[in-house]
Number of protein chains: 2
Amino acid sequence: MAEEKANILVVGSGAIGAFYAGKLVQSGAKVDLLCRSDYETIKSKGVLVKSIWGDFHYTPRKTIPFDKPDPGEYDYVILCTKVLPGVNVPSMIRPFVSKETSIVLIQNGIEIEPPIAKAFPDNEILSGLAFVCCERKAPGEIYHTDYGRLVIGLYPRGYSSSATQLVELFRSSGVPAEVTEDVKTARWAKLVWNAPFNPISVLCKCTTDKMVSNATIESVVRAVMKEVVTLARLDGSPLSFSIIESHIKDTKVMKPYKTSMLLDYEAGRPMEIEAILGNAVRKAEEFGIEVPHLKTLYGVLSIVEQCR
Amino acid sequence: MAEEKANILVVGSGAIGAFYAGKLVQSGAKVDLLCRSDYETIKSKGVLVKSIWGDFHYTPRKTIPFDKPDPGEYDYVILCTKVLPGVNVPSMIRPFVSKETSIVLIQNGIEIEPPIAKAFPDNEILSGLAFVCCERKAPGEIYHTDYGRLVIGLYPRGYSSSATQLVELFRSSGVPAEVTEDVKTARWAKLVWNAPFNPISVLCKCTTDKMVSNATIESVVRAVMKEVVTLARLDGSPLSFSIIESHIKDTKVMKPYKTSMLLDYEAGRPMEIEAILGNAVRKAEEFGIEVPHLKTLYGVLSIVEQCR
């Protein structure tokens, strides 16, 4: 496949989907893009990416509208949509999934793979995490302002040659991508950061620098992180509690950053409350432990969403 | 005193101060009003109260500006200001306090009396709670839209004839006022309601009905209330946990209500975060117990305030 390049469907033309689809196009893959609201614009004008790695413009091989799927055979179907309740992802991607297809989730949250794995029991599921500051300023117009690393691995864990090949593709267009053999733990590690900073940023309408320059909020951030690390460990992921200090230290030195949840909130889009907080709270119930800080944020965010 | 009526200074011409000062004027007391920003308006035009109990207009006997105190002898100095850090209340009221003066706090929060009691060790301290929906729409313009009950008692507890006399004065103008011999417990009981609903209303920008029609938020509200009841009991106040159910039930049937903290937030005024949440969190530290829900709300509200 490395020779003939891969056939790829990227699902979702938001910031993450449209950005990484473009990097895959640059790597020489055949990339189709499944779009919802941005279909008409991207179909006629392609996608413009303003990136710290260099601006570029691309046109997907095929631009496919959500409501009129044009079935195809793909090596990879890469999910880059937000993880939201009420979206039937399996039925959306079914026309594009054949026996050989690897389904890849490049999405936030935890416990987001099981519904996909259940709907496609014979397919390989890859799970991935994007560490990137990307924003969709308009349909087909993406701003990549910082970072960009991808971590991809077989779900729930283990080695997969197709994960390696996908990572190679990304690397060949300059994306710092890595394979992990324990993506569940990588996902928990990212949640340790997301679980406090995403919701608090929405409540405070502020960037990361503000959140780590206040002793009271820092103590709440630490408390939420501790609950997430505890959950991760109960889930069999060998996370060390020292990740808390390193996340906080990193956040203190990184450029002030507006979380994806705050961007969603400000743009009037639904927030990934369930994937980021709800699933963690439910995991705690399953394990029979108390996660009062997580639960408070979850409760408050749910009603922020409801009262919008 | 019931014969010759009382000499009273009301401190603060916000919603609570200007409203209850008016009721005391109606009862025949000699009422002076200490004002900050509203001084000029009230000095020249008095105060207009639009009330569900009947509209009225009054002029304080004296309108006194904060910055040029005109000392006087008072039976009661009634504090109706917001409880905010950085305001030196003792020095503000000292010119008005003589040996016989009862200092009355009609304010929100807990642990707000000690600084006053310490500054005036020889004076009687009365502490009071207002259960009222009142809003200051403009300087000297108060809207009383619901409720109005007052509970007043000797601080920290016990019987006081001046509390009884003050309550009688309020009653004679139609205010449903009561004496309590355990005002600390009454204050904790009110905090059980305020501690969840005030901050959550600010985070969600919503009225009480919204907060009690969402199962997730209701579970957070209950968890916060449970922490406050636990603190109250450790503080020697015999509150029953059943107050949680009755507060929630009452909130479900009451008219949708915008909390004072949300009104302050929307008007760009400082919020009583320390009096309502900070003092409770510090009480928990003193007792050595964990109050994670309270602490999360406290942390988030602190940064909301900081990022405004």
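In case you missed it, the structure is sitting above this.
Read on for an overview of the structure. Computed from a prediction, not measured in an experiment: that's the story for all the values here.

## Re helix α1 (residues 15–26) of chain B
Residues and elements named next belong to chain B.
Here comes step 1: With twelve residues, α1 should cover 16 Å at 1.5 Å per step; its first-to-last C-alpha distance of 17 Å lies within 8% of that length.
Here comes step 2: For α1, the buried fraction is high: nine of the twelve residues fall into the buried class.
Here comes step 3: Every buried residue of α1 is accounted for by Ala15, Gly17, Ala18, Phe19, Tyr20, Ala21, Gly22, Lys23 and Leu24.
Here comes step 4: Of the residues flanking the end of α1, it is Gly28, one or two places downstream, whose phi is positive at about 100 degrees.

## Here's the deal with the packing of helix α6 (residues 183–204) of chain A against helix α11 (residues 273–287) of chain A
Residue and element names in this part refer to chain A.
Here comes step 1: α11 packs onto α6 with a crossing angle of 115 degrees between their chain directions and a minimal axis gap of 10 Å. In this structure, α6 crosses over α11, and the sense of that crossing is left-handed. Residue-level inspection shows Trp188, Leu191, Asn194, Ala195, Asn198 and Pro199 of α6 in contact with α11, the latter providing Ile276, Leu277, Ala280 and Lys283.
Here comes step 2: Here the contact of α6 with α11 is built from residues that sort into seven nonpolar, two polar and one charged.

## As for the relation of the copies chain A and chain B
Here comes step 1: After a rotation of 180 degrees and a shift along the axis of 0.0 Å, chain A superposes on chain B with an RMSD of 0.0 Å. Expressed as a symmetry operation, the mapping of one chain copy onto the other fits a two-fold axis.
Here comes step 2: Interface overlap between copies: 100% of the residues of chain A at the interface are likewise at the interface in chain B, consistent with a symmetric, same-surface contact.

## Some remarks on the pairing of strand β7 (residues 102–106) of chain B
Residue and element names in this part refer to chain B.
Here comes step 1: Taken across its five residues, β7 has five buried, putting it largely inside the fold.
Here comes step 2: Judged by which residues are buried, β7 turns out to be covered on both faces: Ser102, Val104 and Ile106 on one side and Ile103 and Leu105 on the other are all buried.
Here comes step 3: Pairing analysis gives four bridges linking strand β6 (residues 76–79) to β7, with the strands arranged parallel. Among the inter-strand pairings, Ile78 is bridged to a residue of β7, identified as Val104.

## Observations regarding the packing of aromatic side chains
Here comes step 1: This model, assessed by the stated rule, comprises 14 aromatic pairs over all chains.
Here comes step 2: On the basis of an interplanar angle of 65 degrees and a centroid distance of 4.9 Å, the ring pair of Phe19 of chain A and Tyr20 of chain A is categorised as edge-to-face. Neither residue differs from the other here; Phe19 of chain A and Tyr20 of chain A are each classed as buried.
Here comes step 3: Taking NZ or CZ as reference, Arg36 of chain B lies 5.1 Å from the ring centre of Phe66 of chain B, over its face.
Here comes step 4: For the cation-ring pair, Arg149 of chain B lies above Phe131 of chain B, with the distance from its terminal atom to the ring centre recorded as 4.5 Å.

## Observations regarding the nonpolar core
Here comes step 1: Among the nonpolar cores identified, the biggest contains 96 residues, and Ile200 and Leu294 of chain A together with Ile200 and Leu294 of chain B are the most heavily contacted of them.
Here comes step 2: Apart from the residues within four sequence positions on either side, Ile200 of chain B is in contact with Val300 and Ile303 of chain A together with Lys205, Met211, Ile217, Val220, Val221 and Leu297 of chain B.

## A look at the packing of helix α6 (residues 183–204) of chain B against helix α12 (residues 292–307) of chain B
Helices that pack against each other are described as a pair by the angle of their axes relative to one another and the distance between those axes.
Residues and elements named next belong to chain B.
Here comes step 1: Look at α6 against α12: their axes get within 10 Å of each other, and the N-to-C directions meet at 40 degrees. Put simply, α6 runs oblique to α12. Note that α6 runs across α12; the crossing there is left-handed. In this structure, α6 contributes Ala195, Pro196, Pro199, Ile200, Val202 and Leu203 to the contact, and α12 contributes Leu294, Leu297, Val300, Leu301 and Val304.
Here comes step 2: For the contact of α6 with α12, the per-class residue count stands at eleven nonpolar, no polar and no charged.

The rules behind these values
Along every chain, residues carry numbers that run from 1 in the direction the sequence is written. Labels are handed out in written order, letters beginning with A for the chains and numbers beginning with 1 for the ligands. pLDDT decides what is reported in this predicted model: residues at 70 or higher carry local features, side-chain atom pairs at 80 or more are listed and counted, and totals for whole chains, interfaces and linings draw on all residues regardless. Side-chain metrics rest on all non-hydrogen atoms present in the structure, leaving aside hydrogens and water. The helix and strand labels rest on DSSP assignments: H or I over at least four residues marks a helix, E over at least two residues marks a strand, and numbering proceeds from the N terminus. To estimate how far a helix should extend, the number of its residues minus one is multiplied by 1.5 Å. Relative accessible area decides the class of each residue, using a 1.4 Å probe on protein chains only: under 20% of the type maximum gives buried, over 50% gives exposed, and in between gives partly exposed. For every element, the axis is a line fit to its C-alpha atoms; helices are fit only across the contacting stretch, and the angle between N-to-C directions ranges from 0 to 180 degrees. We call a crossing left-handed when the near helix sits turned anticlockwise from the far one by less than a right angle, and right-handed when that turn is clockwise. Residue contacts are defined here by distance: any two heavy atoms, one from each residue, within 4.5 Å place the two residues in contact. Lys, Arg, Asp and Glu make up the charged group, whereas Ala, Val, Leu, Ile, Met, Phe, Trp, Tyr, Cys and Pro make up the nonpolar group; the residues left over, Gly among them, are polar. C-alpha atoms of residues with pLDDT of at least 70 in both copies form the basis for the least-squares superposition of the copies. Strand pairing follows a simple DSSP-based rule, namely that at least 2 bridges must link the two strands. Any Phe, Tyr or Trp ring, taking Trp's six-membered ring, that has another such ring centre within 6.5 Å forms a pair; planes under 30 degrees apart are called stacked, those over 60 apart edge-to-face, and the others tilted. Both a distance and an angle decide whether a charge sits over a ring: NZ of Lys or CZ of Arg must be within 6 Å of the ring centre and within 35 degrees of the ring normal. Residues belong to a common nonpolar core when they are buried Ala, Val, Leu, Ile, Met, Phe, Trp, Tyr or Cys residues joined through side-chain atoms within 4.5 Å. To sort the angles, those under 35 degrees are grouped as roughly parallel, those over 145 as roughly antiparallel, those from 65 to 115 as roughly perpendicular, and the leftovers as oblique.

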